[in-house]
Amino acid sequence: MIKSNPQLPLSVRLNDEATLADFCWNGNTLLHEQLQHILAGHGERLLYVWGNTGSGKSHILQACCQAMSHTHQSAVYLPLKLLQEWGPQVLDGMDDQTLIGIDDIETVAKDKAWEEGLFHFYNRIRDRGQSTLMITGQMPPMHSPIQLPDLRSRLMWGLVLQLNELHDEDKINTLQWHAKKRGFELQKSVCQYLINRCARNMHDLHALLNRLDEASLVLQRKITIPFVKDVLGI
(Lines give C-alpha, C1' and ligand atoms only; values in the text may rest on other atoms or scores of the structure.)
Protein backbone atom coordinates (compact mmCIF):
# COMPACT_ATOMS: atom_id res chain seq x y z
CA MET A 1 0.00 0.00 0.00
CA ILE A 2 1.00 3.64 -0.37
CA LYS A 3 1.35 4.77 3.20
CA SER A 4 0.27 8.31 3.99
CA ASN A 5 2.06 10.67 6.33
CA PRO A 6 0.09 13.49 7.99
CA GLN A 7 3.13 15.74 7.58
CA LEU A 8 3.05 15.45 3.78
CA PRO A 9 1.09 18.02 1.76
CA LEU A 10 -2.09 16.72 0.20
CA SER A 11 -0.76 17.62 -3.26
CA VAL A 12 1.60 14.64 -3.25
CA ARG A 13 -0.22 12.01 -5.24
CA LEU A 14 1.00 9.23 -7.47
CA ASN A 15 0.25 9.32 -11.17
CA ASP A 16 -2.02 6.32 -11.66
CA GLU A 17 -0.83 5.98 -15.25
CA ALA A 18 2.82 5.58 -14.22
CA THR A 19 3.68 1.91 -14.58
CA LEU A 20 6.85 0.06 -15.49
CA ALA A 21 5.00 -1.62 -18.35
CA ASP A 22 4.24 1.79 -19.89
CA PHE A 23 7.92 2.76 -19.99
CA CYS A 24 10.12 2.23 -23.04
CA TRP A 25 13.23 0.44 -21.75
CA ASN A 26 15.27 0.52 -24.96
CA GLY A 27 18.81 1.49 -23.99
CA ASN A 28 18.07 0.90 -20.29
CA THR A 29 17.88 -2.87 -20.03
CA LEU A 30 20.21 -3.07 -17.02
CA LEU A 31 18.17 -0.54 -15.07
CA HIS A 32 14.96 -2.40 -15.88
CA GLU A 33 16.46 -5.69 -14.70
CA GLN A 34 17.68 -4.13 -11.45
CA LEU A 35 14.27 -2.61 -10.74
CA GLN A 36 12.61 -5.98 -11.27
CA HIS A 37 15.03 -7.57 -8.81
CA ILE A 38 14.38 -4.80 -6.28
CA LEU A 39 10.62 -5.14 -6.53
CA ALA A 40 10.96 -8.91 -6.12
CA GLY A 41 12.92 -8.33 -2.90
CA HIS A 42 16.24 -9.61 -4.24
CA GLY A 43 17.94 -6.49 -5.54
CA GLU A 44 20.13 -3.67 -4.29
CA ARG A 45 18.56 -1.79 -1.37
CA LEU A 46 20.27 1.52 -2.16
CA LEU A 47 19.83 2.78 -5.70
CA TYR A 48 20.70 6.12 -7.27
CA VAL A 49 19.33 6.81 -10.77
CA TRP A 50 20.50 9.84 -12.70
CA GLY A 51 19.50 11.29 -16.05
CA ASN A 52 18.49 14.43 -17.89
CA THR A 53 15.37 16.40 -17.05
CA GLY A 54 12.30 14.76 -18.55
CA SER A 55 13.99 11.40 -19.16
CA GLY A 56 11.48 9.55 -16.97
CA LYS A 57 12.99 9.38 -13.49
CA SER A 58 9.81 10.53 -11.77
CA HIS A 59 7.75 8.09 -13.83
CA ILE A 60 10.00 5.22 -12.74
CA LEU A 61 9.88 6.13 -9.04
CA GLN A 62 6.10 6.43 -9.07
CA ALA A 63 5.78 3.22 -11.05
CA CYS A 64 7.86 1.35 -8.48
CA CYS A 65 5.67 2.70 -5.69
CA GLN A 66 2.58 1.57 -7.61
CA ALA A 67 4.09 -1.88 -8.06
CA MET A 68 4.79 -2.15 -4.34
CA SER A 69 1.21 -1.19 -3.49
CA HIS A 70 -0.08 -3.96 -5.74
CA THR A 71 1.76 -6.48 -3.56
CA HIS A 72 0.36 -4.86 -0.38
CA GLN A 73 3.72 -3.48 0.71
CA SER A 74 4.27 0.06 1.92
CA ALA A 75 5.85 2.69 -0.29
CA VAL A 76 6.19 6.46 -0.29
CA TYR A 77 7.05 8.87 -3.10
CA LEU A 78 8.85 12.05 -2.02
CA PRO A 79 9.19 14.67 -4.79
CA LEU A 80 11.59 17.21 -3.32
CA LYS A 81 10.41 19.95 -5.70
CA LEU A 82 7.10 19.89 -3.81
CA LEU A 83 8.45 19.09 -0.37
CA GLN A 84 11.47 21.39 -0.14
CA GLU A 85 9.65 24.13 1.74
CA TRP A 86 8.35 21.61 4.29
CA GLY A 87 11.87 20.87 5.47
CA PRO A 88 13.59 17.54 6.18
CA GLN A 89 11.11 16.71 8.94
CA VAL A 90 8.92 15.16 6.23
CA LEU A 91 11.36 12.24 6.41
CA ASP A 92 10.35 11.50 10.00
CA GLY A 93 8.59 8.18 10.35
CA MET A 94 9.54 7.01 6.85
CA ASP A 95 12.12 4.50 8.05
CA ASP A 96 9.63 1.64 8.19
CA GLN A 97 8.53 1.92 4.54
CA THR A 98 9.37 -1.01 2.27
CA LEU A 99 10.25 1.42 -0.51
CA ILE A 100 11.16 5.10 -0.30
CA GLY A 101 11.50 7.05 -3.55
CA ILE A 102 13.22 10.43 -3.24
CA ASP A 103 12.94 12.46 -6.44
CA ASP A 104 15.19 15.30 -7.69
CA ILE A 105 17.81 15.44 -4.95
CA GLU A 106 19.49 18.48 -6.55
CA THR A 107 16.45 20.50 -5.53
CA VAL A 108 17.74 20.68 -1.96
CA ALA A 109 21.42 21.05 -2.82
CA LYS A 110 23.16 23.73 -0.74
CA ASP A 111 20.31 23.62 1.80
CA LYS A 112 22.23 22.67 4.94
CA ALA A 113 19.22 21.41 6.90
CA TRP A 114 18.00 19.23 4.04
CA GLU A 115 21.44 17.84 3.24
CA GLU A 116 22.06 16.89 6.85
CA GLY A 117 18.55 15.45 7.14
CA LEU A 118 19.06 13.28 4.07
CA PHE A 119 22.48 12.18 5.31
CA HIS A 120 21.07 10.92 8.62
CA PHE A 121 18.05 9.38 6.89
CA TYR A 122 20.31 7.51 4.48
CA ASN A 123 22.33 6.17 7.40
CA ARG A 124 19.22 5.01 9.23
CA ILE A 125 17.92 3.16 6.17
CA ARG A 126 21.27 1.50 5.58
CA ASP A 127 21.76 0.51 9.21
CA ARG A 128 18.28 -0.96 9.61
CA GLY A 129 18.64 -3.00 6.44
CA GLN A 130 14.88 -3.41 5.95
CA SER A 131 13.92 -0.77 3.39
CA THR A 132 14.82 0.02 -0.20
CA LEU A 133 15.84 3.60 -0.88
CA MET A 134 15.73 4.92 -4.44
CA ILE A 135 17.03 8.42 -5.16
CA THR A 136 17.05 10.31 -8.46
CA GLY A 137 19.20 13.17 -9.67
CA GLN A 138 20.21 14.90 -12.86
CA MET A 139 23.88 13.98 -12.60
CA PRO A 140 26.03 11.26 -11.04
CA PRO A 141 26.81 11.67 -7.31
CA MET A 142 30.44 12.65 -7.91
CA HIS A 143 29.28 15.67 -9.92
CA SER A 144 26.27 16.51 -7.78
CA PRO A 145 25.89 20.09 -6.45
CA ILE A 146 25.29 18.57 -2.99
CA GLN A 147 27.68 20.40 -0.66
CA LEU A 148 27.88 17.92 2.22
CA PRO A 149 30.76 15.56 1.31
CA ASP A 150 29.45 12.77 3.52
CA LEU A 151 26.08 12.83 1.77
CA ARG A 152 27.70 12.74 -1.68
CA SER A 153 29.76 9.74 -0.61
CA ARG A 154 26.65 7.98 0.73
CA LEU A 155 24.95 8.38 -2.64
CA MET A 156 27.77 6.34 -4.16
CA TRP A 157 27.53 3.49 -1.64
CA GLY A 158 24.74 1.70 -3.44
CA LEU A 159 24.10 0.97 -7.09
CA VAL A 160 24.41 4.02 -9.36
CA LEU A 161 22.80 3.77 -12.81
CA GLN A 162 22.17 6.24 -15.61
CA LEU A 163 18.78 6.55 -17.27
CA ASN A 164 19.67 7.00 -20.92
CA GLU A 165 17.66 9.16 -23.31
CA LEU A 166 15.52 7.41 -25.90
CA HIS A 167 16.39 7.65 -29.58
CA ASP A 168 13.89 9.56 -31.71
CA GLU A 169 12.44 6.36 -33.19
CA ASP A 170 11.72 5.05 -29.69
CA LYS A 171 10.13 8.37 -28.73
CA ILE A 172 7.89 8.16 -31.79
CA ASN A 173 6.89 4.58 -31.03
CA THR A 174 6.15 5.50 -27.41
CA LEU A 175 3.97 8.46 -28.39
CA GLN A 176 2.07 6.35 -30.90
CA TRP A 177 1.55 3.61 -28.32
CA HIS A 178 0.18 6.05 -25.74
CA ALA A 179 -2.06 7.61 -28.37
CA LYS A 180 -3.40 4.17 -29.23
CA LYS A 181 -4.16 3.58 -25.55
CA ARG A 182 -6.21 6.77 -25.65
CA GLY A 183 -8.14 5.46 -28.63
CA PHE A 184 -6.68 7.29 -31.61
CA GLU A 185 -3.94 6.87 -34.19
CA LEU A 186 -1.07 9.35 -34.23
CA GLN A 187 0.80 9.74 -37.49
CA LYS A 188 4.56 9.33 -37.43
CA SER A 189 4.94 12.68 -39.19
CA VAL A 190 3.08 14.40 -36.32
CA CYS A 191 5.35 12.75 -33.76
CA GLN A 192 8.44 13.80 -35.66
CA TYR A 193 7.11 17.35 -35.93
CA LEU A 194 6.57 17.51 -32.16
CA ILE A 195 10.10 16.26 -31.51
CA ASN A 196 11.69 18.64 -34.01
CA ARG A 197 9.69 21.75 -33.17
CA CYS A 198 8.30 21.44 -29.65
CA ALA A 199 10.13 19.17 -27.21
CA ARG A 200 12.87 16.58 -26.99
CA ASN A 201 12.19 14.90 -23.65
CA MET A 202 9.39 12.41 -23.05
CA HIS A 203 7.90 14.28 -20.09
CA ASP A 204 7.16 17.35 -22.21
CA LEU A 205 6.11 15.24 -25.19
CA HIS A 206 3.56 13.38 -23.05
CA ALA A 207 2.23 16.72 -21.77
CA LEU A 208 1.85 17.92 -25.36
CA LEU A 209 0.07 14.71 -26.32
CA ASN A 210 -2.39 15.19 -23.45
CA ARG A 211 -3.03 18.79 -24.49
CA LEU A 212 -3.57 17.86 -28.13
CA ASP A 213 -5.85 14.96 -27.22
CA GLU A 214 -8.04 17.22 -25.08
CA ALA A 215 -8.22 19.86 -27.82
CA SER A 216 -9.03 17.20 -30.40
CA LEU A 217 -11.96 15.97 -28.33
CA VAL A 218 -13.31 19.48 -27.79
CA LEU A 219 -12.94 20.59 -31.39
CA GLN A 220 -13.74 17.20 -32.93
CA ARG A 221 -10.70 17.33 -35.19
CA LYS A 222 -7.97 14.81 -35.95
CA ILE A 223 -4.48 15.50 -34.68
CA THR A 224 -2.58 16.56 -37.80
CA ILE A 225 0.38 18.88 -38.27
CA PRO A 226 -1.90 21.86 -39.16
CA PHE A 227 -3.98 21.06 -36.05
CA VAL A 228 -0.82 20.98 -33.92
CA LYS A 229 0.22 24.36 -35.30
CA ASP A 230 -3.21 25.84 -34.50
CA VAL A 231 -3.42 24.47 -30.95
CA LEU A 232 0.18 25.24 -29.98
CA GLY A 233 0.34 28.54 -31.85
CA ILE A 234 3.39 27.59 -33.85
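Quick look at the structure, then. (Residues numbered from 1 in each chain as written. Predicted model: local features only at pLDDT ≥ 70, side-chain atom pairs only at ≥ 80, totals over all residues. Heavy atoms only, no water.)

### Side note on the packing of aromatic side chains
Two numbers describe a pair of aromatic rings. These are the distance of the centres and the angle of the planes.
Alright, step 1. Throughout the structure, instances matching the rule amount to two aromatic pairs.
Alright, step 2. Ring geometry for Phe23 versus Trp25: centroids 4.7 Å apart, planes at 55°, classification tilted. Summarising the burial analysis for this pair, Phe23 and Trp25 share the class buried. (Phe/Tyr/Trp six-rings, centres within 6.5 Å; stacked < 30°, edge-to-face > 60°. Buried < 20%, exposed > 50% of the residue type's maximum accessible area, 1.4 Å probe, protein only.)

### Focus: the packing of helix H1 (residues 29-39) against helix H2 (residues 57-70)
Alright, step 1. Packing of H1 against H2 leaves a shortest axis separation of 11 Å and a crossing angle of 30°. Classified by the angle between their axes, H1 and H2 sit roughly parallel to one another. The handedness of the crossing between H1 and H2 is right-handed. Listed contacts from H2 to Leu31, Leu35, Ile38 and Leu39 of H1 are Ile60, Cys64, Ala67 and Met68.
Alright, step 2. Among the residues forming the contact of H1 with H2, the class breakdown is eight nonpolar, no polar and no charged. (Axes fitted to C-alpha atoms, helices over the stretch in contact; angles between N-to-C directions. Helix = DSSP H or I, 4+ residues; strand = E, 2+ residues; numbered from the N terminus. Parallel < 35°, antiparallel > 145°, perpendicular 65-115°, else oblique. Left-handed = near helix turned anticlockwise from the far one by under 90°. Contact = heavy atoms within 4.5 Å. Nonpolar A, V, L, I, M, F, W, Y, C, P; charged D, E, K, R; others polar.)

### Remarks on the sheet that holds strand S2 (residues 75-79)
Alright, step 1. Sheet architecture is open: five strands sit in the order S2-S3-S4-S1-S5, paired in parallel fashion. Two strands close off the open sheet at either side, each with one partner strand: S2 and strand S5 (159-162). When strand polarity is set aside, the average angle formed by the axes of neighbouring strands in this sheet is 15°.
Alright, step 2. In this sheet, strand S4 (residues 132-137) lies alongside strand S3 (residues 99-103) in parallel orientation, the contact comprising four bridges. Each bridged residue has a counterpart across the sheet, and for Ile102 the counterpart in S4 is Ile135. (Pairing = 2+ DSSP bridges.)

### Thoughts on the pattern of salt bridges
Alright, step 1. Counted under the stated rule, the structure contains six salt bridges.
Alright, step 2. With a closest N to O distance of 2.7 Å, Asp213 and Arg182 form a salt bridge. One end of the pair, Asp213, is in helix H8 (residues 202-219); the other, Arg182, is in helix H6 (residues 168-182), and 31 residues separate them in sequence.
Alright, step 3. Taking relative accessible area as the criterion, Arg182 reaches 35% and is therefore assigned partly exposed. (Salt bridge = Lys/Arg side-chain N within 4 Å of Asp/Glu carboxyl O.)

### Quick notes on H6
Alright, step 1. Counted at 1.5 Å a residue, the expected span for H6 with its 15 residues is 21 Å, and the 21 Å between its end C-alpha atoms agrees.
Alright, step 2. When H6 is considered as a whole, its buried residues turn out to be Asp170, Lys171, Ile172, Thr174, Leu175, His178 and Ala179.
Alright, step 3. A positive backbone phi angle near 100° is found at Gly183, which sits one or two residues after H6. (Expected span 1.5 Å × (residues − 1).)

### Details of H1
Alright, step 1. Within the span of H1, buried status applies to Leu31, Gln34, Leu35 and Ile38. One side of H1 holds all its buried residues, which, seen down the axis, span an arc of 100°.
Alright, step 2. On the buried face of H1, the contacting elements are strand S1 (46-50), H2, S4 and S5. (Arc of directions from axis to C-beta.)

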